[in-house]
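A look at the structure
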Amino acid sequence: MAKISIIQGPNLNLLGTREPHIYGHFTLHGIHEQLKNVFGSAHQLEFFQSNHEGALVDAIHRVQDQDGLIINAAAYTHGSYAIRDAIAAVGKPAIEVHVTNVFAREAFRHESVIAPVCIGQITGFGGYGYELAMLALLEHLA
Ligand code: DQA
């Protein structure tokens, strides 16, 4: 059994109503329920969402007692050195997820300051990206 944190950054609590032509109609709750359905009986999953950078840093620190993390840092992806440093500091395998294809969007979304401290990045597959990230992380841990 792996202990995995799924950490969600700012504005992702609004998935479902937030710019649905870009982000789709699925909700964060729906994504988390799906992860519980698929992986919850075999693995211990912890879910955390915050709109605050420091709260996200604290959540990353808690992964010290776990096996790894999946993170959609949302807009903090493109500029938060604090989140990048927190991932590096805990030293656990991390996978970066984006529900949209950030490379098909505005230029400022093409840079990720957290990608260098993650084992990989999954972008553009909507809510399903989290399942792909779980599979990749479990494979990495095996
Ligand atoms: C996002 C992409 C980011 O550029 C954006 O700021 C978000 C969501 C995504 O999942 O597609 O809030 O991380």
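Please refer to the structure placed before this passage.
Source: prediction; values computed, not measured.

A short note on the sheet that holds strand β2 (residues 44-49)
Taken together, five strands build an open sheet; the order of strands is β2-β1-β3-β4-β5 and the sheet is parallel. For this open sheet the edge positions go to β2 and β5 (120-123), each flanked by a neighbour on one side alone. Strand-to-strand twist of the sheet, defined as the mean angle between neighbouring strand axes without regard to direction, takes the value 20°. The pairing of strand β4 (residues 94-98) with β5 spans four bridges and is classified as parallel. When the bridges of β5 are listed, I95 appears paired with G120. Sheet strands in contact with helix α2 (residues 28-39) are β1 (3-8) and β2, and its direction is about 170° off that of β2.

Section: the pattern of salt bridges
In total, this model carries four salt bridges according to the counting rule given. Between D85 and R84 there is a salt bridge, and its shortest N-O distance comes to 3.8 Å. A relative accessible area of 26% places R84 in the partly exposed class. Each of R105, E106 and R109 takes part in salt bridges that share partners, so that together they form one network.

Re the site of the ligand
Taken together, the residues surrounding the ligand are R18, Y23, N72, A74, A75, H78, H98, V99, T100, V102 and R109. A distance of 2.8 Å separates an oxygen atom of the ligand from a polar atom in the side chain of H98. Between the ligand and T100, the relevant distance is 2.6 Å, taken from an oxygen atom to a side-chain nitrogen or oxygen of the residue. Coverage of the ligand by the protein amounts to 99% of the 320 Å² it exposes when considered alone. Classifying every residue of the shell around the ligand gives five nonpolar, four polar and two charged.

Some thoughts on the side chain of H98
When you line up the elements, H98 lands in strand β4. Of note is the side chain of H98, whose polar atom sits 2.6 Å from the side chain of E96. Once you skip the residues sitting within four places of it in the chain, H98 turns out to touch N72, T77, Q121, I122, T123, G124 and F125.

Things to note about the environment of L15
With respect to the secondary-structure elements, L15 resides in the loop between β1 and α1 (20-23). On the basis of relative accessible area, L15 is assigned to the buried category, the value being 4%. Sequence spacing of L15 and V99 is 84 residues, and the spatial spacing of their C-alpha atoms is 10.0 Å. Excluding residues within four positions of it along the chain, L15 makes contact with Y23, F26, T27, L28 and I31.

Here's the deal with the pairing of strand β3 (residues 68-72)
Along β3, five of the five residues are buried, which leaves the element largely enclosed by surrounding structure. Burial along β3 is two-sided: G68, I70 and N72 facing one way and L69 and I71 facing the other are all buried. As paired strands, β1 and β3 are joined by five bridges and run parallel to one another. Counted as the bridge partner of S5 is L69 from β3. As paired strands, β3 and β4 are joined by three bridges and run parallel to one another. Note that in β4 the partner of I70 across the bridge is I95. For the handedness criterion, the β-α-β arrangement of β3, helix α4 (residues 81-90) and β4 is classed as right-handed.

Criteria and thresholds
- Residues numbered from 1 in each chain as written.
- Predicted model: local features only at pLDDT ≥ 70, side-chain atom pairs only at ≥ 80, totals over all residues.
- Heavy atoms only, no water.
- Pairing = 2+ DSSP bridges.
- Helix = DSSP H or I, 4+ residues; strand = E, 2+ residues; numbered from the N terminus.
- Axes fitted to C-alpha atoms, helices over the stretch in contact; angles between N-to-C directions.
- Contact = heavy atoms within 4.5 Å.
- Salt bridge = Lys/Arg side-chain N within 4 Å of Asp/Glu carboxyl O.
- Buried < 20%, exposed > 50% of the residue type's maximum accessible area, 1.4 Å probe, protein only.
- Near = heavy atom within 4 Å.
- Polar contact = N/O pair within 3.5 Å; in protein donor to acceptor, adjacent residues only side chain to side chain.
- Areas by Shrake-Rupley, 256 points an atom, 1.4 Å probe, with all protein chains shown as cover.
- Nonpolar A, V, L, I, M, F, W, Y, C, P; charged D, E, K, R; others polar.
- Right-handed = clockwise from strand over helix to strand, strands pointing away.

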